[in-house]
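# Structure at a glance
One letter stands for each residue in the lines below.
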Amino acid sequence: MKIQRRVFLKVGLATAGALAARSAWGNVGPDEVQEPQWEGVPGEEKEVYSVCQMCPNGCGIKVRVYEGRVIKVEGHPGHPLNKGALCPRGQAAPRLLYHPDRLTYPLVNKGSKKQANWQKLTYEEALDVLAGKLHDLTGNRSNHHLVAASGSFSDLDDFILERFCNSFGTPNYLKFESLGRRAMSMAMGLTHGSYSPPSVDWDKCDYLMLFGAEPGATDNSPMPMMNGFGKMRQGRAGRRTKIVHIGTRYTPFSSKVDEWVKVNPGTYGALALGIAHVIISEERFDTEFIDRFSLGFRDMTEIDGTTKPGFKEHVLRNYSPEAVSSITGVPNETIIRLAEEFADGKPAVAYGGDGPASYSNAVTELVAIHCLNALVGSIDVPGGIIIQQSPSLKKEKSSPTDALFAYNLKQPRVDGLRQSSDLPVFSTMSGLPSRLVEAVPYPIDVLMLVDLDPVANLPGSANWQKALEKIPFVVSFSNHLDESSKLADMIIPNGTFLERWDGKSVDSSTGFPVWGLGRPVIESPEGQIDTSSLVLKLANKMGDKMGSFFPWGSTKDLLREMSSGLQASAGEDELWNELDSQGFWSAGPYSFGQQKEVYKARGSRFNFYMYLMEAASANLYEGGFRSQGSTSGRLTQSDFLPNHISPEFSEAGVDYPFHLELFGTTVSGHGRWSLLDGLQEILELGLNRSWRRLLLINDYTAEQYDFANDMPVWVESSSGKILAYVKKSKVMDRSCVGMIFGQGRPNHNADPRANQTPFSLLGEQISPIGGGYCWGGTKVKVYKA
Amino acid sequence: MARWGMVIDLDRCTGCQACVVACRQENNIPEVGPEQAAMGRGIYWMQLIEEKEAAHEDAHIAYLPRPCMHCDNPLCVKVCPVGATYKNSEGLVGQVYARCIGCRYCTTACPYTARYFNWYKPEWKPEEKKYLSPDVSLRPKGVVEKCSFCVHRIRKARRKAKDENRELVDGDVVPACGETCPSKAIFFGDLDDPNSEVSKLAKSRRAFRLEDHLGTGPKVIYLREGEWSE
Amino acid sequence: MRQDHPLIKPVAVSGRGFYIATLALLIVMSWAFFAWFTQFMNGLGETGLNRPVYWGIYITNFVFFVGISHAGTLISAILRVTGAEWRRPITRAAEAITVFALMVGPINVFFDLGSPHRVLNIVFHGQLNSPLIWDVICISIYLMSSLLYLYLPLIPDIAELRNAGVKPLWFYRLLAIGWQETEKQKRLLKKMIGFMAIAIIPVAVSVHTVVSWVFAMTIQPMWHSTIFGPYFVVGAIFSGIAAIIIAMAILRKVYKLDRYLKPLHFKNLGILLMVMACLWLYFTFAEYLTTFYGGEPSHMAVFYAKIAGEFAPMFWAMVAFCFIIPFPILAIPKFRTITGTVIASISVNIGMWLERYTIVVPSLSNPRLPISEINYTPSWVEWSITAGCFAGLTLFYVLFSKIFPIISIWELKEGGIDVGSGPEITGAAS
């Protein structure tokens, strides 16, 4: 056998040629690919309208249901609030519905809080147990020892739980709102007399000063603010709003605005007053607005001959740009320039958000900021502040008929609230969790948690834990074995908003009232009952008397009745059909000039001099609110004008050198949805990290402490300590460290030391006006783990 | 035949990442979990990327949403050894999961790093499988994937138009990211249709494309921040 | 020739050392197989690769081993064509490296595939526009040609073994294909070897050129360089020579081939190695200077990563191993001994492996649209498979030297050297 050279060559070339030819033949080019025509996917598919409840705003949603399962949630195209768009948390709703850790049946703890032994129950049995506990309370005449604490955004839950508490005889219906909301509402309450956060007519605003507010990064109007941002920038031919972001640290959003102004923590209001000073001294204020729609701008003489100081002289005297500059750290020239631009840039809006709302001086700071709007006449005009109208729902008020109930109802609330001339005043002596632990003013025997995980999501974690361990019977209406539910005696899963009939009014930003009808878009798991339906049943289990206050057969019936109040002119059937088919009812467009709707405070005007505060001054003083001016601390007239009060910080000094900045992002909000893997995996802007709780720390400081990126460190305050991972950041101030709500999941960290949330670091400080939580005044120390 | 393109107005974008989350839900993108994500193996067909200017003390961090550019001259298609990625007649750069051998040449060739790889088998717990969409195939381990300009929505819209006996019009096709964007910063349409919104916006003075000088011909056009312009 | 002739003895007789070495190598390869199997079952997640570093150790190994394979061509083909007589004892050792390195190199690409069960798509759906397909074609041709080029001069030696009665006889008889050392056969063989020697040179050049074009045909910073083709070929020859030197030194020791593999061979190869070192340095310097001088930001990101950033230790180690350490040893005749050249060669091979790594990874690590703070740390799977590759190459080589004479008897004879027939040596290579 001889190998011929030629044979070799032939064979070799033939092989190569064949290979090439084969390749060329198999070539996939643009025309060879068969572009399939969409044949559709077999299976039933439908679109259902409902309301999103991932935050309290109330966007309309369009849910895509395929073969009985929810595969996508989009914005409702016709809904006036979100207009077909939807924020990242809304998009993650299917993950909430199909969370692998969801509980599907009630559980009762037959063991102890240290050593749990969860046993399955039916819903009937669970309600029987709860009814039994409540009957015990009635037997002991201690109905007021029941606390119903709710974190639900649902109007229906709110109505039913409040009614339940009223008819049962406990004043302790505690509705927990999103962080910052209370302070924003109080600021409006003091100046306008209406207690809801300010809304803005974004579309027409030409100059926007954002005081510590970022679109979408909170639960306060995320969608409208983001939508408004787009419109303000490029949505109107020839006009582009100038946006100024005032904040304590440079964020990714700061890189999107025209000007970023750095301000010292808790001094936003001071800056606003400095700007007010310039506007007033340069006489750039809107005289007509002030004369027609405000009270207290100039010094006043009352009918009875007493005099009250006015805003004008007060500001001119106390808040010169120089004085403000040293408080805020903002240069003199900047304050003057901002003031001039603001006054000239009409329609101009000053909007305060999470930034000022997070400190102990939140309410007064937000008042100071809002005063700027009044100064330039940006209230109740296109492009200015508007007041959200609530839909008029038909709600019967329950009136307790039994004298015993009346006695219980009159007991002081466990959270120390005193209602005083329409101004809710709280004691700052101690926050709610310590009061529960110390049984002040009386011990609590039954605690109902509804969609609320205080241990993970509220300040004062450690005390909440103690409280939950101490209270003899805790029932948690929750779908998960979360940090608080773990310490409960009974857990009743109440389903998600996609599985129940519900009602939700839009809480801000449309101006005109909008009411959304939520519906079950899929079959809920066998037997599962939502909160309101549960409470309806419970009320009926409590006996005929209580049952008589809850005559509805189902929540759907109740909703139908409530909705009948929406529009007097429409027939009930017609109204319900509209609601049913569209998923919402709205009464647009917004009409300006309804003075009595916009100003419910004294004189139906904007109150520069806050009469409400004056009326409540005794309670305020008892609650711990002190005057900045007088030595005794007793409140004087100048305290009822907008003032900058220095923010309180916990444990200042060398022991706790860093100011902790806790903030939310569009993805994490205030941390409520940290259980959703779909959101945890999203990389936070500017940080290129996910899943892990990061501690943002200045580069230089990190070097001094010998920290490297991704290094685990303890972050400790006087209230607690948690584990975080270092992330060096040029934009953090040297004296601050930053942390994002919701990063890293409690109980799902590889390192068990990382299981607590940043709320563990926060003390229980609340604002006496309104009781909003302060989360901005904590100081911490950091060291290697 | 259309030539699909996208316009992203950076002046409207707030960086909220709704587009990122919506895309993941629409396209059955799996989570990889904390350890894998920390290694840099997360899959984000739409991702917000930063433009850092390190020189500035304050670290100017502008960001832009970056899907696949669906280049007119795609470098990934050039290098794929098996033709698992191709450019179709409507300008979309497609990915054939069934043919991909996972060599990752396309991922290294893409100048936008817009392609992702399944390092492990994507997994969903039984309960989580319920939110998977039937419109988009699940990928096996070992193949490359990337933004498809929601090609399933394009096909659905085309089918719907056909059933209704009409042509596709501007606005019929909306990708998941564009539908959800709260500030309406994402536009999508036919670049060859002179009346489409994307065509008009593409001519804006504010328009630019990423890494344009490379000759890739990306069909995602950005509008930079700045004064209002048509 | 008799079975106890030093050139045949290693084939005929195996000592304990052989079995121990084989066992050790098999253990390493088994471990590597286990590692690969883990990866095959679980996915490429078992490596340390990520986005943006999509390629790492496997591709480094691929380029490295294909690079080493250029040894054979240089020695047996170029030196033959240029008539360098001193090449004769080392041609087969060199060609064997070529063949086995060409098997070990491309298999790393297979290991690197996410869906290896679809590897045949390369055949059924291969796209000619892809440099990876060019690799497949060129490497296939090179492998087949090298096998042929290895086999052809082996035929007379197999005949010697057959004549000497080495077991298994049927094997050698079959492979000798009836070689009887007739004039006609000798003439034909000479012609074919001569043809292959010339033909294989462009094939070899094409191979590492297309391997470099896998990188250079993309536009990634510091990959898209016109110099890559020649640069990689130079680097290949460079590392190839170093590999031969190491192999030769080991063979010389283990099989007691002192008379055939003399200091002269090491000296000459050492000079060649030194020349390649200078060439390599020239190309490297040209590459980095032009990048630096141009100053394009995306290129400079990669540049700084290599010179002063996270890859600096590797980069400067590479420079040390590739040039700073070997050059003095090779340049100064006093140090250019067998030991010296072996040290230099080991250094060069380490350096060249680092060179491949610092070409592949830094460009990926610093993409045009920057991705911050994601590092590549190879996992145990990647290191195990790398160890398996080295073990595999060594094992194939050892087995080859056990089956066939590692020094070409025919070539020595052809060069007029009297090799004798028994243990007494007459006239070793000059």
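None of these values were measured; they are calculated from a predicted model. Along each chain, numbering runs from 1 in the same order as the chain's sequence is written. Labels are handed out in written order, letters beginning with A for the chains and numbers beginning with 1 for the ligands. The model is predicted, so local features are restricted to residues of pLDDT at least 70 and side-chain atom pairs to those at 80 or more, both for listing and for counting; the totals for chains, interfaces and linings are taken over all residues. Note that the side-chain values use all heavy atoms of the structure and ignore hydrogens as well as water.

## Some thoughts on the overall build of chain C
Strands are runs of DSSP state E lasting at least two residues, helices are runs of H or I lasting at least four, and both sets are numbered from the N terminus onward. Helix and strand counts for chain C stand at 17 helices and zero strands. Its C-alpha atoms give chain C a radius of gyration of 22 Å, near enough to 22 Å, the size a compact globule of 430 residues would have. Projected onto its principal axes, the C-alpha positions of chain C cover 70 × 50 × 40 Å. Using a 1.4 Å probe on the protein chains alone, a residue whose accessible area is under 20% of its type maximum counts as buried, one over 50% counts as exposed, and one in between counts as partly exposed. Residues classed as buried in chain C amount to 61% of the 430 residues present. When the accessible area of chain C is evaluated, it comes to approximately 16,400 Å², of which 72% is carbon and sulfur surface. All tallies of charge rest on Lys and Arg as positive and Asp and Glu as negative; His and the ends of each chain are not included. By convention, the point assigned to a charge is CZ for Arg, NZ for Lys, CD for Glu and CG for Asp. Averaging the positions of the 30 positive and the 21 negative side-chain charges in chain C gives two centres separated by 9 Å. Each radius of gyration is computed over the set of C-alpha atoms, and the globule rule expresses the reference value as 2.2 Å times the number of residues to the power 0.38. Where accessible areas are quoted, they stem from the Shrake-Rupley method and a 1.4 Å probe; at the residue level, only the protein chains shown are allowed to cover.

## Focus on the interface of chain B and chain A
Contacts between the two partners involve 72 residues from chain B, matched on the other side by 71 residues from chain A. Buried area, as used here, totals the accessible surface that two parts lose on assembly, with accessibility defined by a 1.4 Å probe and the loss added over both. Counting each side, the surface lost to burial between chain B and chain A is near 6,000 Å², with a carbon and sulfur contribution of 54%. By definition, a salt bridge exists where a carboxyl oxygen of Asp or Glu is found within 4 Å of a side-chain nitrogen of Lys or Arg. Inspection of the region where chain B meets chain A yields ten salt bridges. Its salt-bridge partner being Arg153(B), residue Glu74(A) comes within 2.9 Å of it at the nearest N-O pair. Broken down by secondary-structure element, the contributors of at least two residues to the side of chain B that touches chain A are helix 1 (18–26), helix 2 (34–38), strand 2 (47–53), strand 3 (60–66), strand 4 (85–87), helix 5 (151–163) and helix 6 (176–180) of chain B. The contact definition used throughout considers only heavy atoms, calling two residues in contact when any of these lie within 4.5 Å.

## Side note on the side chain of Gln17(B)
Locating Gln17(B) in the fold gives a position in the loop between strand 1 (4–9) and helix 1. Taking relative accessible area as the criterion, Gln17(B) reaches 4% and is therefore assigned buried.

## Quick notes on a nonpolar patch on the surface
Each patch is built from residues lacking any salt bridge and having more than 30% relative accessible area; the joining distance is 9 Å for like charges and 5 Å for nonpolar side chains (Val, Leu, Ile, Met, Phe, Trp, Tyr). The grouping of Ile271(C), Val275(C), Leu279(C) and Tyr282(C) at the surface amounts to a nonpolar patch, some 340 Å² of accessible area in total. For Leu279(C), the position within the fold is in helix 11 (residues 263–294).

## Regarding helix 2 (residues 16–42) of chain C
One turn of an α-helix holds 3.6 residues; hence residues three or four places apart share an orientation. Residue and element names in this part refer to chain C. What a helix is expected to span follows from its residue count: subtract one and scale by 1.5 Å. Here helix 2 spans 39 Å end to end across 27 residues, near enough to the 39 Å set by a 1.5 Å rise per residue. Against the buried residues of helix 2 lie helix 3 (57–68), helix 5 (91–112) and helix 16 (380–403). Looking one or two places after helix 2, you find Gly-43, whose phi comes out positive at around 120°.

## As for the state of the cysteines
For this text, the term disulfide refers to a pair of cysteine sulfurs within 2.5 Å. If you walk through the whole model with that rule in mind, you get zero disulfides over all chains. In this structure Cys736(A) is a free cysteine whose sulfur lies 17 Å from that of Cys774(A), the closest cysteine sulfur available. Cys13(B) takes part in no disulfide bond, and the closest cysteine sulfur, belonging to Cys19(B), lies 6.6 Å away. Given the relative accessible area of 7%, Cys13(B) is considered buried.

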